[in-house]
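Below are the chains, spelled out letter by letter.
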Number of protein chains: 8
Amino acid sequence: IRNGFPEVIYCEGKTIDQVKGITLAMIQRGSSILGTRASKDVYEGVLEIAPDAVYHASAKCIVVNPKTQQLHPERTIAVVTAGTSDISVAEEAAVTAETFGQKVDRIYDVGVAGLHRLLAQLDRLRKAHVVIVVAGMEGALASVVGGLVDRPVIAVPTSIGYGASFNGLAALLTMLNSCASGVSVVNIDNGFGAAYTACLMIKD
Amino acid sequence: IRNGFPEVIYCEGKTIDQVKGITLAMIQRGSSILGTRASKDVYEGVLEIAPDAVYHASAKCIVVNPKTQQLHPERTIAVVTAGTSDISVAEEAAVTAETFGQKVDRIYDVGVAGLHRLLAQLDRLRKAHVVIVVAGMEGALASVVGGLVDRPVIAVPTSIGYGASFNGLAALLTMLNSCASGVSVVNIDNGFGAAYTACLMIKD
Amino acid sequence: IRNGFPEVIYCEGKTIDQVKGITLAMIQRGSSILGTRASKDVYEGVLEIAPDAVYHASAKCIVVNPKTQQLHPERTIAVVTAGTSDISVAEEAAVTAETFGQKVDRIYDVGVAGLHRLLAQLDRLRKAHVVIVVAGMEGALASVVGGLVDRPVIAVPTSIGYGASFNGLAALLTMLNSCASGVSVVNIDNGFGAAYTACLMIKD
Amino acid sequence: IRNGFPEVIYCEGKTIDQVKGITLAMIQRGSSILGTRASKDVYEGVLEIAPDAVYHASAKCIVVNPKTQQLHPERTIAVVTAGTSDISVAEEAAVTAETFGQKVDRIYDVGVAGLHRLLAQLDRLRKAHVVIVVAGMEGALASVVGGLVDRPVIAVPTSIGYGASFNGLAALLTMLNSCASGVSVVNIDNGFGAAYTACLMIKD
Amino acid sequence: IRNGFPEVIYCEGKTIDQVKGITLAMIQRGSSILGTRASKDVYEGVLEIAPDAVYHASAKCIVVNPKTQQLHPERTIAVVTAGTSDISVAEEAAVTAETFGQKVDRIYDVGVAGLHRLLAQLDRLRKAHVVIVVAGMEGALASVVGGLVDRPVIAVPTSIGYGASFNGLAALLTMLNSCASGVSVVNIDNGFGAAYTACLMIKD
Amino acid sequence: IRNGFPEVIYCEGKTIDQVKGITLAMIQRGSSILGTRASKDVYEGVLEIAPDAVYHASAKCIVVNPKTQQLHPERTIAVVTAGTSDISVAEEAAVTAETFGQKVDRIYDVGVAGLHRLLAQLDRLRKAHVVIVVAGMEGALASVVGGLVDRPVIAVPTSIGYGASFNGLAALLTMLNSCASGVSVVNIDNGFGAAYTACLMIKD
Amino acid sequence: IRNGFPEVIYCEGKTIDQVKGITLAMIQRGSSILGTRASKDVYEGVLEIAPDAVYHASAKCIVVNPKTQQLHPERTIAVVTAGTSDISVAEEAAVTAETFGQKVDRIYDVGVAGLHRLLAQLDRLRKAHVVIVVAGMEGALASVVGGLVDRPVIAVPTSIGYGASFNGLAALLTMLNSCASGVSVVNIDNGFGAAYTACLMIKD
Amino acid sequence: IRNGFPEVIYCEGKTIDQVKGITLAMIQRGSSILGTRASKDVYEGVLEIAPDAVYHASAKCIVVNPKTQQLHPERTIAVVTAGTSDISVAEEAAVTAETFGQKVDRIYDVGVAGLHRLLAQLDRLRKAHVVIVVAGMEGALASVVGGLVDRPVIAVPTSIGYGASFNGLAALLTMLNSCASGVSVVNIDNGFGAAYTACLMIKD
Ligand SMILES: Nc1ncnc2c1ncn2[C@@H]1O[C@H](COP(=O)(O)O)[C@@H](O)[C@H]1O
Ligand SMILES: Nc1ncnc2c1ncn2[C@@H]1O[C@H](COP(=O)(O)O)[C@@H](O)[C@H]1O
Ligand SMILES: Nc1ncnc2c1ncn2[C@@H]1O[C@H](COP(=O)(O)O)[C@@H](O)[C@H]1O
Ligand SMILES: Nc1ncnc2c1ncn2[C@@H]1O[C@H](COP(=O)(O)O)[C@@H](O)[C@H]1O
Ligand SMILES: [Mg+2]
Ligand SMILES: [Mg+2]
Ligand SMILES: [Mg+2]
Ligand SMILES: [Mg+2]
Ligand SMILES: [Mg+2]
Ligand SMILES: [Mg+2]
Ligand SMILES: [Mg+2]
Ligand SMILES: [Mg+2]
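The structure presented is a predicted model; accordingly, all values stated were derived computationally and were not measured.

(A) Region of interest: the pattern of salt bridges. Across all of its chains, the model carries 86 salt bridges over all chains by this definition. For R37(E), the salt bridge identified is with E92(E), shortest N-O distance 2.9 Å. With a gap of 55 residues between them, R37(E) in the loop between β2 (33-36) and α2 (40-49) and E92(E) in helix α3 (residues 87-99) connect regions that are remote in the sequence. Comparing R37(E) with E92(E) shows no difference in burial state: the two are buried. It is possible to trace a salt-bridge network through shared partners that takes in R75(A), D204(A), R75(C) and D204(C).

Right, dumping it as structure tokens:
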């Protein structure tokens, strides 16, 4: 399969040496590279073989030689979060999309408890080709956004919350049961997967 | 304990004769009576001993000799539903409150997938002393209403939905994790319990 | 919001008279109409007011005055099932898409236990703009298809199975954890939701 | 929305610098401030910009410039715990209410295994306008108190317990199924939310 | 093993002919017989071969030739229920104990929402050698009784309830987490098992 | 209530100072004292005020001034474990019983995978007045022992295991569903509760 | 793939006509046929096109033209059940194996509550090449048999039980956590799958 | 029972001294020894008494004096993994089998998202007498391999994954519901158990 996307390394559970090895091989075949779930330590290891690697701390992503060609110049992915604690997952999505050559519009901290903040961003939301909604706790934002826009919504439940949030289960169930049409769901905290799917939609 | 509320019969799992017996005893001590989860058949049995009993079919409630004195003349309970399928639970709440002598404002079918319908009712919502939010599927309405009003919200998850709604579990978790403050939750489909709690708040 | 899609009635839990009333109102405003989760009885009721209504028995869908204009003439949605028992959910998806004016390619009974059957359809799969994968039991088909195509995959877990399938929970979890990128998930048995999302992708 | 309550910072998952920044902005607009789920370290950071900030260690709350005007001079919130391990959550509730200008009556360690201890406090319980019941393990206290008082009970399940308490799930289910009327429930360990709801009831 | 207890047939899922066959064999060896979970139909079948069989409708038990010798003349088992809907399970326990030759004291409908009703029976409770507590919904009665008596308490959760009672799971968890010492638990609705265990304790 | 048992301190989650304070008060009223879930550090603190306190490391119990009078000279509690990893919970049970003045027969490491080891202890098992069975993983030992003895069995599931043992849930469910009569169950890892219940049975 | 096994139709959820159609096609290519989960009605339909089809009522299996050649003349599969209610699942396994040309030794009703019954069959158990253990409720039999034999054990949890058996979940978890080595597990009630796997082992 | 297999020590939760003691006893009776779930520290302790002990770091296994005689010279166990993170569990299986005298063919990192990598190994897969499939996340590989080979497949779910993988539950359910016949399942991460079962099949 050839979609022209960068190569991706899921760093969680890999040693620094393993990540370096994989990175080296990819560099040698000239790939753009995205490393997700990477700690600062892993990044420092990668720097030794890829001195221009960039680290996005909040996203926990390493980027080497990102795509410079835009996936689609007129299309935008909006990445929306309910709270500030969801931003790390949102950044994983945003950095993924940007590394794939895609423009992102970040709309953060517009959870449904303060609807005015969300409604104030309606124009930006409606300009997006796809909307990624990132929310923990009760995850209600996906349904509300789904009702407001006329484009596909990809919902990312996050593990933010406590007690009966059950590490993201509550938000996951909320999003799967969305009464708004056009909402599909990826795994808890899977910002990367949401962005990948969004990019597939963008590139046609 | 004496709160002056009507006596209540939970009819589910009781035989017609049992309900009739309990009703008779209550009539004899002059009580107002509310029978919840009552089938048409149970109602017909009750009619034999309480000819002016009234049946609220959607609420599945029997009412005999309801309170005529208002709990509090200037206060209203708003009962809000997300969809039309939630109305039966909402009516259990509304009929309970009315039998207790409390005025109710029904605001039905204003789920978050069509936010304009909800926002169009903002004035009525904000006039209420307490708001009961009844919603199944993902139950997001409780959070949104909680963010819009400045009064206590009692959230009632319903068993409406399918698949990953797990008979109301999804809505229950959503409501427990509400990012809006001032929301407390009762059992799935427990319209009665929500109204009882609301009436306690009303009567001071 | 205006996306030009038909109006949809979710018939489960509505009386025949309710569905007839809603249908009548929609006919009067000239809408295309899709009724989902409709029994034969509901269809017969609708026939009285919409004599040219069509019933898709396997999909349990009623269609009145479907869209005749194609959403996008060159794009196809592939609807793929693992087994024959999943076909009813797949048909809900297919009929939804067709009612919305969208061409569908049905690829049924290609579950992963007989990989050759799936691989034999690789060309058709790869021609699709979006692929909807419908599978119960262990739901592994979504990951395999996700690995074979370079387009978005919408996974629909079904409640088909027994024992530890827990009414679709096993397939749902499988799909959410898909190791193939580009897979997003809708609720158990939600063929309608998958097709709606797919049509949003198609129409751009 | 304007309810005159202090501004609240949920400190969990925020860096010291983030909390300091938010606090500074709030101080500048003259707000009363409550910081919940705050570690000692966060408090020490806040002290640098708000030298009269007070730390409630058991509650893990920081209070700056609390409300001095009483919410309602004649009304009391009783905060009741089953065991001593539940006190930390109870204190989150009590400190919240006090910061909001509300008088609190603490009735601790009166779990149902020693009913006499609870019954000895009946007068204090019945004087309260609202009762917050904080209990882990089996959470039975909420039902018992609900049966003894004629005012709304807000039940807070705690994560105290082990084994089949499943981090508060057992207490949560107990409370949701309370056979006593007038009991509504908030999230596991959510002392803040219980107090917020109680204060809404108090202030009318 | 020889404990002299009657022979027991668990009738659920057995055909009338199977139960008759087993009963016949038992009669032939002169046993006392207890059939649990028996429908009226099964009883009528058994009557054909055991004309003096007795049917306890609420308990759904068939008794043939019960033990006439008392297990222990001075000891009593108290069987306590929270509500009237729990009586059927309680009767399974009571009839089991009686068939085993054991005196039972039934104390029904003394749930914790009306503590006075329970406290009014304190003398009877404290006279018992073992107490069986039968409760559904939140199952709090087991903890309260456990705190009041100084003898072993066997807790039987029932499937009575709805919504978040999850068919007895809530009551089961409550009872397992009881903060009162001396409480052990049997399966949901297992009145028979509770009585069997109690009789083992009685007979020494 | 007066059963003459020692006073018990559940040390988990209490500070050393708290435990010392409670211990001091108990010593002053001349109590026998059992501290459960106590770390070595807590013990060292207690030693300062109770120099003859004894620490049972495997049981994690502190004992001060244990009962010297036997509960019942002719009765024994057998404490049985499936594996060696269950011994810590078993010791909590054994030390509790011994501190209460009760003789214990320890029969360890006789899990069902090697039935001969269990059958070799049949005599000791059958001599016991009560049998406490402590088992993790699949917890099958409780059923097997229940079938072999004619006395009450108290089953203690442990959190020993991994994967689908779900921290003791598997063993708990096994024990609740025991096909052997006379088995009742306490919370996961609750050796103390099992022994307490057993002692109530012993003392009559 | 060619293993020479009969063709299998899973009849659950298929119409009589569908089963007849599939059967006809199979007959035409000369296959041996096994239909599982088949009602009496389906059998009667099949009889019309396969007059020598045999119906195994307890197993709910239809067999047409079974294998006459033995898989392996000297090897036996033992099929063991804990209770009589498990026999239907056991028969699905036994009939499957027999239809595949394999000799079966049925050892029924030897649950662990009466260990002597099991031990009395030790010789037969130890003669088997593979042992299929079928058990519901707590499913402990698999571990015990696993400890007694030195051959692979395939464990089949059944949905027999009530309350905390959760439709087979308890037995499933028990079997997955078996402390005896050599035990692997198939889905709840999946007698067919167990036999299929056993036959693969037999035929080498 | 005598199957001639090495003796096994499950080191998790044992102290170094305990493992050394058990090892010494085994050495003295001349056993081959396999220690599973052993940390480096435990290995170093064992080295003191068994200087030729070998440590397999990825497998976390200690081997002393492994079997030199082959279980069966012509038979192979294929151990297959979906990802690289599953290799540690796979190595527990492989080292177990090798210590038992069995040849292993390792086929790693052939997950279903890249089907070509799996299909490239079809020959090796089909040469195996038993196939052990080790997979986390969605665990789909077991079904696909089950469909490709004609020998028993033992599926080992791993705890690799995040979010809705629920520590291996998703993979476990997937494997239990496999639509491919001939697949049986062991506990999450139980590489040892899979290899043990496979060796029982091999040795006949
Ligand atoms: N099968 C389905 N599953 C989930 N949602 C559906 C389904 N069919 C229709 N809907 C949604 O239900 C809405 C109509 O609901 P209602 O107003 O209750 O008829 C439609 O606009 C769709 O968003
Ligand atoms: N302990 C708590 N539990 C749940 N919600 C809280 C808690 N403390 C504060 N909050 C909510 O969190 C909001 C502030 O969140 P943030 O903007 O992330 O600081 C407040 O307005 C409260 O609604
Ligand atoms: N290991 C244990 N598990 C459960 N409950 C215990 C345990 N040890 C002591 N307890 C109970 O905890 C009570 C003391 O709790 P506390 O007052 O918090 O020290 C005792 O009276 C016992 O009922
Ligand atoms: N990784 C493992 N997972 C499950 N069981 C194991 C494992 N390794 C060893 N065992 C079992 O544990 C037994 C030894 O347990 P123990 O006597 O506690 O050392 C062995 O006979 C095996 O049956
Ligand atoms: Mg939309
Ligand atoms: Mg509000
Ligand atoms: Mg793909
Ligand atoms: Mg009350
Ligand atoms: Mg007691
Ligand atoms: Mg017994
Ligand atoms: Mg064995
Ligand atoms: Mg196969």
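Having seen the model, we can carry on.
(B) Here's a closer look at the interface of chain D and chain A. Tallying the contact residues gives nine residues for chain D and five residues for chain A. Of the roughly 580 Å² buried between chain D and chain A on both sides combined, carbon and sulfur atoms contribute 55%. Summed over the three residues of chain D that lose the most area to chain A, namely Y10(D), N187(D) and I188(D), the buried surface amounts to 51% of that side. At the junction of chain D and chain A, the tally comes to zero salt bridges. Counting the contacts that link chain D with chain A gives three residue pairs in polar contact (both at pLDDT 80 or more). For the side of chain D that touches chain A, a count of residues per class yields four nonpolar, two polar and three charged.

(C) Structural view of the site of ligand 2. Taken together, Y162(A), S181(B), V8(D), I9(D), Y10(D), K14(D), T36(D), R37(D), E92(D), N190(D) and F192(D) make up the full set of residues adjacent to ligand 2. Near ligand 2, the surrounding residues belong to chains A, B and D. Within the side chain of Y162(A), one N or O atom sits 2.5 Å away from a nitrogen atom of ligand 2. One of the side-chain N or O atoms of E92(D) is found 3.2 Å from a nitrogen atom in ligand 2.

(D) Quick look at the coordination of the magnesium ion (ligand 11). Only G146(G) (O) and V149(G) (O) from the protein reach the magnesium ion (ligand 11) as donors, at distances of 2.1 to 2.4 Å. Note on accessibility: G146(G) and V149(G) belong to one class, buried.

(E) Geometry of the site of ligand 1. As a matter of local geometry, ligand 1 sits amid S181(A), Y162(B), V8(C), I9(C), Y10(C), K14(C), T36(C), R37(C), E92(C), N190(C) and F192(C). What surrounds ligand 1 is not a single chain but chains A, B and C. Between an oxygen atom of ligand 1 and a side-chain N or O atom of K14(C), the distance comes to 2.7 Å. Measuring from a nitrogen atom of ligand 1, one finds a side-chain N or O atom of N190(C) at 3.3 Å. For the shell around ligand 1, the element with the highest residue contribution is strand β1 (residues 7-10) of chain C, accounting for three residues. A per-class count over the shell around ligand 1 returns five nonpolar, three polar and three charged.

(F) How the structure looks around the relation of the copies chain D and chain A. With an RMSD of 0.0 Å, chain D superimposes on chain A once it is rotated by 90 degrees and translated 0.0 Å along the axis. The operation mapping one copy onto its partner corresponds to a four-fold rotation axis. For chain D, the smallest separation between a C-alpha atom and the rotation axis is recorded for F166(D), amounting to 7.5 Å.

(G) Main features of the relation of the copies chain A and chain C. Mapping chain A onto chain C calls for a screw motion: a turn of 180 degrees about the axis and a shift of 0.0 Å along it, with 0.0 Å RMSD after fitting. Within this description, the copies of the chain are treated as partners about a two-fold rotation axis. When each C-alpha of chain A is compared by its distance to the rotation axis, V185(A) comes out closest, at 2.5 Å. When you check the interface residues of chain A against chain C, 100% turn up at the interface there too, and the contact is symmetric in its surfaces.

(H) Just unusual backbone geometry, in detail. Phi at N167(A) is positive, roughly 60 degrees, even though this residue is not glycine. Examined against the element boundaries, N167(A) turns out to sit in the loop between β8 (153-157) and α7 (169-176). Located in the positive-phi region is N65(D), a residue other than glycine, with phi close to 55 degrees. On the secondary structure map, N65(D) appears in the loop between β4 (61-64) and β5 (77-81). Owing to a relative accessible area of 40%, N65(D) belongs among the partly exposed residues under this scheme.

Rules and cut-offs
Residues numbered from 1 in each chain as written. Chains lettered and ligands numbered in written order. Predicted model: local features only at pLDDT ≥ 70, side-chain atom pairs only at ≥ 80, totals over all residues. Heavy atoms only, no water. Salt bridge = Lys/Arg side-chain N within 4 Å of Asp/Glu carboxyl O. Helix = DSSP H or I, 4+ residues; strand = E, 2+ residues; numbered from the N terminus. Buried < 20%, exposed > 50% of the residue type's maximum accessible area, 1.4 Å probe, protein only. Contact = heavy atoms within 4.5 Å. Buried area = accessible area lost by both parts, 1.4 Å probe. Polar contact = N/O pair within 3.5 Å; in protein donor to acceptor, adjacent residues only side chain to side chain. Nonpolar A, V, L, I, M, F, W, Y, C, P; charged D, E, K, R; others polar. Near = heavy atom within 4 Å. Donors = N, O, S within 2.8 Å, 3.2 Å for Na, K, Ca; no water. Least-squares fit on C-alpha atoms with pLDDT ≥ 70 in both.

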